[in-house]
Amino acid sequence: MSTKKVCDYHYLIVGGTTKAATTSLFIYLANHPSICGATYKETRFFLHTDYPLPSKYRFTGDVEEYDQLFPQCEDDQIRLESTPDYLYCPHALDRIAKFLPNAKLVFSLREPISRLISWYRFAKQDGKLPQDFTFDTYVELLFDYADGKLETDNVDAEGEPIHEQYWQTLKQGCYSVYLKEYYSQFEPSRLHILFYEDLAANPLTVLKNLCHFAGIDASFYEDFVFKVTNRTETMKNSEVHKKYRDFRFRLRKWTHDKPMIHNSFRLLRRTIEPIYLRLNTRPTENVNMSEDTRNQLINYYKDDVQNLAELIGKMPPWDTFTLTQ
């Protein structure tokens, strides 16, 4: 049995924005023989206790509990997990900086307006927004929420408001606001920024660059088949899909440390889920956006895009904002 502690291992932690292919990225990386993935992709271990996402394990003072998420890893393998919301949680930043001295962090970013559209589709898919909600209405309410004109009824143990994810999506597209905090606590050599658009267009180049960053053999991906995972679908019945997702989450929590059961259910899911999706999805509808809403969002994000470019030393591949500079 290994005598190593959590702080002794090397980690590759994928964060970034939601709806930026972090699930696909986790699967690609977990296939590499030098990497060992957590028993489920999104551990959420280092998020604040009251962060509005559920998880089986959450840091409560004993960081060694993190080791329970990597029961099948060899000592010399890089341990991998992917929790996008680490980008947005200052408690996660502080805990990773304090407890994981050998961790490297990858952040996947996506053009903020297309990300917002994807989040709108996802929120409707998951039953968080009414099916007749237009994108313009959603954006209008997001700006009202950001200006304090809408309030949440949910509060944490200290009475502070809990801001549900789907109301934070506007501000969370301002990536430099969050990334600058990571750059203040981590050496640049421990941070790697990639873009969803590049991953979608040329996954081989993105994964080779990631291998060089992690210090592992990049030739593994020469003949790799890059499949897209966890697409946002348009559901026929969002209530059924919400129950399906809740059931899948609870099952994963229960089986993640039971390898034989976990792997059996994973194989079963690969057979059943495509059938379920054929039955409960319909062709994706185009999202209509008024010119006023588009200009409002461009004006909201354009300064942050410039700040991001200055922070990471390169301009993101987002023509919408390049053309407005």
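What you are looking at is a predicted structure, and each value in this text was computed from that prediction instead of being measured.

Summed over the entire model, instances satisfying the criterion amount to one disulfide. At a sulfur-sulfur separation of 2.1 Å, the disulfide partner of Cys36 is Cys73. Every disulfide takes its handedness from the sign of the S-S torsion; for Cys36 and Cys73 that torsion is -80 degrees, giving left-handed. With Cys36 in strand S2 (residues 35–37) and Cys73 in the loop between S2 and strand S3 (78–82), this residue pair connects regions lying 37 residues apart in the sequence. Each member of the pair, Cys36 as well as Cys73, is classed as buried.

Its location among the elements puts Thr169 in the loop between helix H5 (165–168) and helix H6 (175–185). With a relative accessible area of 0%, Thr169 lands in the buried category. At 2.9 Å, the side chain of Thr169 forms a polar contact with the side chain of Tyr138. For Thr169, the contacting residues outside a window of four places in its chain are Arg115, Leu116, Trp119, Tyr138, Leu142 and Tyr301.

The sheet built from five strands is open, its strands ordered S2-S3-S1-S4-S5 with parallel pairing. Looking at strand neighbours, the two that pair on one side only are S2 and strand S5 (191–195), the edges of this open sheet. Ignoring strand direction, the axes of neighbouring strands in this sheet form an average angle of 25 degrees. Pairing geometry for S2 and S3, over three bridges, is parallel. For Ile35, the partnering residue across the bridge sits in S3 and is Ile78. Most of the contacts of H6 go to strand S4 (residues 103–109), to which it runs at about 170 degrees, and overall it touches S4 and S5.

Turning to the packing of aromatic side chains, a few remarks are in order. In the structure shown here, the tally under the stated rule is 28 aromatic pairs. Ring geometry for Tyr138 and Trp167: centres 6.4 Å apart, planes at 45 degrees, overall tilted. With Tyr138 in helix H4 (residues 135–146) and Trp167 in helix H5, the pair connects residues that are 29 residues apart, well separated along the chain. Note on Tyr138: relative accessible area 0%, which makes it buried. Lys104 extends its terminal NZ or CZ atom over the ring of Phe213, reaching a point 5.1 Å from the ring centre. The ring of Tyr196 is capped by Arg110, whose NZ or CZ atom sits 4.1 Å from the centre of that ring.

Where the residue is not glycine, phi is negative for most of them; where a peptide bond is considered, it is trans in most cases. If you check the backbone angles, Lys19 has positive phi at about 60 degrees while not being a glycine. On the secondary structure map, Lys19 appears in the loop between strand S1 (11–16) and helix H1 (22–30). One non-glycine residue, Ala21, lies in positive phi territory at about 65 degrees.

Consecutive side chains of a regular strand alternate in pointing toward one face of the sheet and then the other. Across the six residues that make up S1, a large majority, six, are buried. Residues Tyr11, Ile13 and Gly15 point to one face of S1 and Leu12, Val14 and Gly16 to the other, with burial holding for every one of them. Here S1 runs beside S4; their pairing, made up of six bridges, is parallel. In the strand pairing of S4, Ile13 is matched with Leu105.

Turning to the packing of helix H3 (residues 112–125) against H4, a few remarks are in order. Between H3 and H4, the shortest axis-to-axis distance is 11 Å and the interhelical angle comes to 105 degrees. In terms of their interaxial angle, H3 and H4 are classed as roughly perpendicular. For the pair H3 and H4, the contacting residues are Leu116, Ile117 and Tyr120 in the first and Phe135, Tyr138, Val139 and Leu142 in the second. When its residues are assigned to classes, the contact of H3 with H4 shows seven nonpolar, no polar and no charged.

A word on the side chain of Thr83. Tracing the backbone through its elements, the reader meets Thr83 in the loop between S3 and helix H2 (90–99). Within the local environment of Thr83, its side chain forms a polar contact with the backbone nitrogen of Thr43, the two atoms lying 3.4 Å apart. With residues near it in sequence (within four places) discarded, Thr83 still touches Val14, Gly15, Glu42, Thr43, Arg44 and Leu47.

What follows covers the confidence of the model for the protein. Averaged over the protein, the pLDDT score is 84; the fraction of residues at 70 or greater is 76%. Predicted confidence is poor over residues 154–162, with pLDDT under 50, and the contacts of this stretch with residues over four places away or in other chains come to 15 contacts.

Moving on to the pattern of salt bridges. Summed over the entire model, instances satisfying the criterion amount to four salt bridges. Measuring nitrogen to oxygen at the nearest pair gives 2.6 Å for the salt bridge that ties Asp67 to Arg79. Placement of the pair is Asp67 in the loop between S2 and S3 and Arg79 in strand S3, with a sequence separation of 12 residues. A residue is classified by how much of its surface remains accessible, and Arg79, at 2% relative accessible area, is buried. Connected through shared salt-bridge partners, Lys41, Glu42 and Arg44 make up one network.

Analysis parameters
- Residues numbered from 1 in each chain as written.
- Predicted model: local features only at pLDDT ≥ 70, side-chain atom pairs only at ≥ 80, totals over all residues.
- Heavy atoms only, no water.
- Disulfide = S-S within 2.5 Å.
- Helix = DSSP H or I, 4+ residues; strand = E, 2+ residues; numbered from the N terminus.
- Buried < 20%, exposed > 50% of the residue type's maximum accessible area, 1.4 Å probe, protein only.
- Polar contact = N/O pair within 3.5 Å; in protein donor to acceptor, adjacent residues only side chain to side chain.
- Contact = heavy atoms within 4.5 Å.
- Pairing = 2+ DSSP bridges.
- Axes fitted to C-alpha atoms, helices over the stretch in contact; angles between N-to-C directions.
- Phe/Tyr/Trp six-rings, centres within 6.5 Å; stacked < 30°, edge-to-face > 60°.
- Lys NZ or Arg CZ within 6 Å of the ring centre and 35° of its normal.
- Parallel < 35°, antiparallel > 145°, perpendicular 65-115°, else oblique.
- Nonpolar A, V, L, I, M, F, W, Y, C, P; charged D, E, K, R; others polar.
- pLDDT = per-residue confidence, 0-100.
- Salt bridge = Lys/Arg side-chain N within 4 Å of Asp/Glu carboxyl O.

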